[in-house]
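What follows is the residue order along each chain.
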Amino acid sequence: MEYLLIEKKAWLEMQAEAKRLNERMKKTEQYFFPAGDSGWIDNAAVCLWLNISKRTLQYYRNSGILPYTTIRNKCYYKPEDVKAVFDRSTTKQK
């Protein structure tokens, strides 16, 4: 078993940075998925949220990765479906 020693100051700075990143992620999620909002999301918002191109989004639609609805030649997505794709695409630390 290996041990890594770091100074207490460095450890506290790392914890503070992790906390700042966590808060930033929460704010970003609230921006795209406000509480109680059952509205639909358009292509531009999905591309921003998933950090993908329009072509990748088209691939997700065509391959059935992301369900969508077309209204007047424009695609819309349910927030919970987009969130599920986002959650699947993020890697989990062990």
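Above: the structure in question.
Before going into details, it helps to say that this report is about the structure given with it. None of these values were measured; they are calculated from a predicted model.

Definitions and limits used
- Residues numbered from 1 in each chain as written.
- Predicted model: local features only at pLDDT ≥ 70, side-chain atom pairs only at ≥ 80, totals over all residues.
- Heavy atoms only, no water.
- Helix = DSSP H or I, 4+ residues; strand = E, 2+ residues; numbered from the N terminus.
- Buried < 20%, exposed > 50% of the residue type's maximum accessible area, 1.4 Å probe, protein only.
- Patch = residues over 30% accessible without salt bridge, like charges linked within 9 Å, V, L, I, M, F, W, Y side chains within 5 Å.
- Areas by Shrake-Rupley, 256 points an atom, 1.4 Å probe, with all protein chains shown as cover.
- Salt bridge = Lys/Arg side-chain N within 4 Å of Asp/Glu carboxyl O.
- Pairing = 2+ DSSP bridges.
- Arc of directions from axis to C-beta.
- Contact = heavy atoms within 4.5 Å.

## Observations regarding unusual backbone geometry
Then comes step 1: Phi at Asn51 takes a positive value of approximately 55 degrees, unusual for a residue other than glycine.
Then comes step 2: Following the sequence through the fold, Asn51 ends up in the loop between α2 (43-50) and α3 (54-63).
Then comes step 3: In this structure Asn51 comes out as exposed when scored by relative accessible area, which is 71%.
Then comes step 4: Phi is positive for Arg72, close to 50 degrees, though the residue is something other than glycine.
Then comes step 5: Position of Arg72 among the secondary structure elements: in the loop between β2 (69-71) and β3 (74-77).

## A closer look at a nonpolar patch on the surface
Then comes step 1: Nonpolar side chains collect at one region of the surface, where Leu4, Ile6, Trp11, Leu12 and Met14 lie side by side and expose about 550 Å² of accessible area between them.
Then comes step 2: Among the structural elements, Met14 can be located in helix α1 (residues 8-32).
Then comes step 3: Accessibility expressed as a relative area gives 49% for Met14, which makes it partly exposed.

## Side note on the pairing of β3
Then comes step 1: Along β3, the buried face is formed by Cys75 and Tyr77; none of Lys74 and Tyr76, which line the opposite face, is buried.
Then comes step 2: Bridging between strand β1 (residues 41-42) and β3 involves two bridges; their strand directions are antiparallel. Within β3, the residue paired with Asp42 across the bridge is Tyr76.
Then comes step 3: Pairing analysis gives three bridges linking β2 to β3, with the strands arranged antiparallel. Bridge assignment links Thr70 to a residue of β3, and that residue is Cys75.

## A short note on α3
Then comes step 1: Every buried residue belonging to α3 is among Leu57, Tyr60 and Arg61, and all of these are buried. End-on view of α3: buried residues confined to an arc of 100 degrees, all on one side of the axis. Of the exposed residues in α3, those oriented more than 90 degrees away from the buried face are Arg55 and Asn62.
Then comes step 2: Buried-residue contacts for α3 involve α2, β3 and α4 (79-89).
Then comes step 3: Where α3 terminates, the next one or two residues include Gly64, which has phi positive at roughly 80 degrees.

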